[in-house]
Amino acid sequence: MAKSDYFGLPYLVSVILAIIPVTAWVLGFLTRFSEGKIIAGIIRLIGLGFILWIVDLILMIVSKHILRLLPC
């Protein structure tokens, strides 16, 4: 089974978690924070929550990865 962006969880589990807005926001924050991208994590948590949730959901289904808003 293919791995995806939420801590290496199986793809289907990650898509299910990405569908639920609260878990998508929290897991997006934790994923970015665990990568050392503190600013990107804070933006995910308090910033563009709804917009990033929709984009993350689409990208998770299509490419198995969440949006990297601030790649560096």
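As a starting point, this report considers the structure included with it. (Residues numbered from 1 in each chain as written. Predicted model: local features only at pLDDT ≥ 70, side-chain atom pairs only at ≥ 80, totals over all residues. Heavy atoms only, no water.)

1. Some points on the overall build of the protein
Scanning the protein for helices and strands turns up 4 helices and 0 strands. Ordered by position from the N terminus, the helices and strands of the protein form the series α-α-α-α. Every one of the 72 residues in the protein was classed for burial, and the buried ones make up 31%. Taking contacts inside the protein between residues at least 6 apart in sequence as the whole, the part at least 24 apart equals 52%. (Helix = DSSP H or I, 4+ residues; strand = E, 2+ residues; numbered from the N terminus. Buried < 20%, exposed > 50% of the residue type's maximum accessible area, 1.4 Å probe, protein only. Contact = heavy atoms within 4.5 Å.)

2. A closer look at the packing of helix H2 (residues 21-34) against helix H3 (residues 38-46)
Where H2 meets H3, the axes come as close as 7 Å, and the angle between the chain directions of the two elements is 175°. Regarding the angle of H2 to H3, the classification is roughly antiparallel. From H2, Gly-28, Phe-29, Arg-32 and Phe-33 reach across to H3, where they touch Ile-38, Ala-40, Gly-41, Ile-42, Arg-44 and Leu-45. In the contact of H2 with H3, the residues fall into 6 nonpolar, 2 polar and 2 charged. (Axes fitted to C-alpha atoms, helices over the stretch in contact; angles between N-to-C directions. Parallel < 35°, antiparallel > 145°, perpendicular 65-115°, else oblique. Nonpolar A, V, L, I, M, F, W, Y, C, P; charged D, E, K, R; others polar.)

3. Some thoughts on the nonpolar core
By size, the foremost hydrophobic cluster in this structure holds 9 residues: Tyr-6, Val-15, Ala-18, Ala-24, Leu-27, Trp-53, Leu-57, Met-60 and Ile-66. For this core, the elements supplying multiple residues, two or more each, are helix H1 (11-19), H2 and helix H4 (49-63). Per-element accounting of this core gives the leading share, 3 residues, to H4. (Core = buried A, V, L, I, M, F, W, Y, C linked by side-chain atoms within 4.5 Å.)

4. Notes on the environment of Ile-66
Mapped onto the fold, Ile-66 is located in the segment after H4. For Ile-66, a relative accessible area of 4% puts it in the buried group. Placed 38 residues apart in sequence, Ile-66 and Gly-28 show a C-alpha to C-alpha distance of 7.7 Å.

5. Thoughts on the packing of H1 against H2
When two helices pack together, their arrangement is captured by the angle between the axes and the distance separating the axes. The geometry of H1 relative to H2 is characterised by a closest axis approach of 5 Å and an angle of 110° between their N-to-C directions. Between H1 and H2, the interaxial angle falls into the category roughly perpendicular. Where H1 approaches H2, its residues Leu-17, Ala-18 and Ile-19 are matched on the opposing element by Pro-21, Thr-23, Ala-24 and Leu-27. Of the residues assigned to the contact of H1 with H2, the class counts are 6 nonpolar, 1 polar and no charged.

6. Examining H3
Regarding H3, the residues found buried are Ala-40, Gly-41 and Arg-44. One side of H3 holds all its buried residues, which, seen down the axis, span an arc of 100°. Summarising the geometry of H3, the exposed residues directed more than 90 degrees from the buried face are Ile-39 and Ile-46. (Arc of directions from axis to C-beta.)

Keep in mind these values describe shape, not function.
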